[in-house]
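# Residue-level structural notes
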Amino acid sequence: MYSLEKDLAGVDGWELHKIDVSKNIYYGFIPEVTPPIHGYDVVLTLDHRIQAIVEDALKRGVDNVKAMAGTAIVVNPHNGEILAQANYPTVDHNEPGGLTEDQMRNDVLQKSFEPGSTIKVLTAAIAINEGKVKETDIINTENGRYYPCGRRQLVITDHNHYKSLNLEQILAYSSNIGSAKIGQRVDEKIFYKYLRDLGFGTKTEVELSAENIGKLHHPASDSWTKCVTQATMSYGYGISVNPLQLTMALSVVANGGKLFKPKLIKEYRSAQSGELIKENKDHFLRRVITEKTASRTRKLMKSVVEYGTAKSLKINGLSFAGKTGTAEKWNNKTGKYETKKNNSSFVGFLPAESPQYVIYVVLDEPKVHTAGSLTAGPVFKEIAHRLSFNTDYGLTTETLEVESDERILIPNFESKDLGDVLAWAKKNEVKVDREGPGQLVISQFPKFGSVIKKDLELKIQTRCKWNGVPDLKGLSLKKAMALLSERGIKVNYKGEGIVTSQSLEPGADLNENDTCELILEGTQG
């Protein structure tokens, strides 16, 4: 199990004093002192703005289609940094009493499922890299019904009955038959090696515990059925993955062919000085496909958005490549797939030409719709659209249209100064309804990324910076110093025992460089 306890906790210090039978200290005796070793501050790769957008969009998406649950991940494909990860519904892990094992599960890496059509991207990349298929090839798609092993075994079907399709159309229209035939052009042992090199069937080794590695059948194993297993894996069945595994594998296509270990910890810093202690460096694992193969595959994925299964997800001014996925769930009791229970998903690379972000969304058992374009797709679209409003993320390729000049984008004011809000509101002629004392903004509505009419009101809640001075009377020096340190307050003290007075009044607003003088007397009870 992965744990940060040793990094965060540090080591206790101690003092050895000489005392008499009444436990009075001999002050002439020089005590032995071993100072404590403080733990580190652990800095994560998560971007709090992207995380907030992802959590908000995922919740709305799950609720809109009445799904059982949902997971969303955003990564930087060029170094493996996880910029956001979310599950919904959420639970409070600090209060585990009464929660089931499923509720406690982190689906980002503990959910194991058959991914469906998103894996067709990888099938195409493998076949292109091996020189087994070209964009100009015409594949016989059998009018929607294909028997890869003869009529007594597996039958592969497509929703639409296409006579033949080229490689781009196979991805755009998400043909199972076309993908199966492309996959079967590659030697089964080589096909398996590619999937293994993409990270399937092994741990990602991200800094989280209890990862489910999924299942990847080996051609030499009894579970591998000649002409069946490879065909079904080519369109996302007969292989199980976790969402993070799949996101990192798809990132190989986004970044030019390289597999990175996913990274959640960015660095370790001193809890006292903020000094950098150790940087968690990027971990390149291996090259899986060539840059040219990756580029050709991304170009194919653009057709999915331009005229294929995800054409409803287009965003004005933002170019992205994507792939939909809809996979029926297997029922172990009946030994059959359940046509009304699906994992529906969408993966998007943005911008399409030089992807900086890979966004993967999967919804478990959506009920209003089942297609990935109508379930997970809108979650992706909201995340991508809201990111494009922030110039820090470099996504907008042209001016975005807004509905009228009377609408305005809401910035992120949380953790900002009240003066910043009021200055923005005055400039944009927006009314502000403020609740609470102090100058530090702790919440806002509408949320960051919303587009509102100018005549609507911005509601904010504030508190004193540093959350005010706590009442320290009666506390030990150790507890008092901990409370003040949390708020960035410097401390001077005189005496021993418990705090009997303090120079800064409880509840007072603070500036960062304030110092609190403590007087200690008596003994701690």
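What comes next is a walk through the structure. Computed from a predicted model, the values in this text were never measured in an experiment.

Another aspect to go through is the state of the cysteines. In this structure the tally under the stated criterion is 1 disulfide. Through a disulfide, Cys149 is tied to Cys227; the S-S separation comes to 2.0 Å. Here the residue Cys149 occupies a position in the loop between β7 (145–146) and β8 (156–157), and Cys227 occupies one in the loop between α8 (188–197) and α9 (229–233), the gap between them amounting to 78 residues. Residue classification places Cys227 among the partly exposed residues on the basis of a relative accessible area of 25%.

What follows deals with unusual backbone geometry. Here Tyr88 and Pro89 are connected by a cis peptide whose omega angle stands at 5°. Within the element layout of this structure, Pro89 appears in the loop between β5 (82–88) and α3 (101–104). Cis rather than trans, the peptide bond between Leu350 and Pro351 has omega equal to -10°. As for its position among the elements, Pro351 is in the loop between β15 (336–350) and β16 (357–364). A positive phi angle, close to 60°, is found at Ala210, a residue other than glycine. Within the secondary structure, Ala210 is located in the loop between α8 and α9.

Size it by volume and the second largest pocket reaches roughly 1,200 Å³. Put simply, the parts of the chain that give the lining of the second largest pocket at least two residues each are α1 (5–9), β1 (14–16), β2 (32–34), β3 (40–44) and α14 (477–486). Looking at the lining of the second largest pocket, the element that brings in the most residues is α14, giving 5 residues. When grouped by side-chain class, the residues that make up the lining of the second largest pocket number 19 nonpolar, 7 polar and 5 charged.

Time to look at the sheet that holds β16. Reading across from one edge, β5-β4-β16-β15-β14 is the order of the 5 strands in this open sheet, with antiparallel pairing throughout. Strands at the two margins of the open sheet, each flanked by one partner only, are β5 and β14 (321–331). Looking at each pair of strands side by side, their axes are set apart by 10° on average, direction ignored.

Time to look at the packing of aromatic side chains. Per the counting criterion, the structure on display carries 11 aromatic pairs. Consider the rings of Phe346 and Phe380, whose centres lie 4.9 Å apart with planes at 50°: the pair is tilted. Taken together, the residues span a long stretch of sequence, with Phe346 in strand β15 and Phe380 in helix α12 (residues 376–388) at a distance of 34 residues. Summarising the burial analysis for this pair, Phe346 and Phe380 share the class buried. Both rings, one in Phe413 and one in Trp424, keep their centres 5.2 Å apart while their planes meet at 65°; by these two values the pair is edge-to-face. In this pair, Phe413 sits in the loop between β17 (407–409) and α13 (418–428) while Trp424 sits in helix α13, placing the two residues 11 residues apart along the sequence. Here Phe413 matches Trp424 in class, with each residue buried. Put simply, the rings of Tyr235, Tyr237, Trp330 and Tyr337 touch in pairs and so form one group of aromatic residues.

Tracing the chain through its elements places Ala294 in helix α11 (residues 291–306). For the pair Ala294 and Leu483, spaced 189 residues apart in sequence, the C-alpha separation works out to 53 Å. In this structure, Ala294 is in contact with Val252, Val253, Gly256, Gly257 and Ile289, ignoring residues within four places of it in sequence.

Where helix α10 (residues 243–255) meets α11, the closest approach of the two axes is 7 Å, and the angle between their N-to-C directions is 105°. Comparing their axes, α11 and α10 come out roughly perpendicular. For the pair α10 and α11, the contacting residues are Val252, Val253 and Ala254 in the first and Ala294, Thr297, Arg298 and Met301 in the second. Taken together, the residues that form the contact of α10 with α11 break down as 5 nonpolar, 1 polar and 1 charged.

Now for the pairing of strand β24 (residues 515–521). The two faces of β24 differ: Cys516, Leu518 and Leu520 on one face are buried, but Thr515, Glu517, Ile519 and Glu521 on the other face are not. Pairing analysis gives 6 bridges linking strand β22 (residues 490–495) to β24, with the strands arranged parallel. Pairing of Asn492 across the sheet is with Glu517, part of β24. Relative to β24, strand β23 (residues 498–502) is paired through 4 bridges, and the arrangement is antiparallel. Along β24, the bridge assignment pairs Ser501 with Ile519.

With that settled, consider α11. Compared with the 22 Å implied by 1.5 Å per residue over 16 residues, the 23 Å span of α11 between its first and last C-alpha is a close match. Within the span of α11, buried status applies to Thr293, Ala294, Thr297, Arg298, Leu300, Met301, Ser303, Val304 and Val305. Residues of α11 that are buried sit in contact with α5 (120–129), α6 (167–172), α10, β14 and β15.

Tracing the sequence through the fold places Thr232 in helix α9. Taking C-alpha positions, Thr232 is 26 Å from Ala69, a pair spaced 163 residues apart along the chain. Apart from the residues within four sequence positions on either side, Thr232 is in contact with Leu154, Tyr237 and Gly238.

Turning our attention to the sheet that holds β24. The strand order across the open sheet formed by 3 strands is β22-β24-β23, and the pairing between neighbours is mixed. Strands at the two margins of the open sheet, each flanked by one partner only, are β22 and β23. Ignoring which end each strand starts from, the neighbouring axes of this sheet average 35° apart.

Reading guide: rules and limits
- Residues numbered from 1 in each chain as written.
- Predicted model: local features only at pLDDT ≥ 70, side-chain atom pairs only at ≥ 80, totals over all residues.
- Heavy atoms only, no water.
- Disulfide = S-S within 2.5 Å.
- Helix = DSSP H or I, 4+ residues; strand = E, 2+ residues; numbered from the N terminus.
- Buried < 20%, exposed > 50% of the residue type's maximum accessible area, 1.4 Å probe, protein only.
- 1 Å grid on protein atoms, 1.4 Å probe; cavity = no way out; pocket = protein on both sides within 12 Å on 5 of 7 lines; lining within 4 Å.
- Points joined across faces, edges and corners; volume = space filled by probe spheres on them.
- Nonpolar A, V, L, I, M, F, W, Y, C, P; charged D, E, K, R; others polar.
- Pairing = 2+ DSSP bridges.
- Axes fitted to C-alpha atoms, helices over the stretch in contact; angles between N-to-C directions.
- Phe/Tyr/Trp six-rings, centres within 6.5 Å; stacked < 30°, edge-to-face > 60°.
- Contact = heavy atoms within 4.5 Å.
- Parallel < 35°, antiparallel > 145°, perpendicular 65-115°, else oblique.
- Expected span 1.5 Å × (residues − 1).

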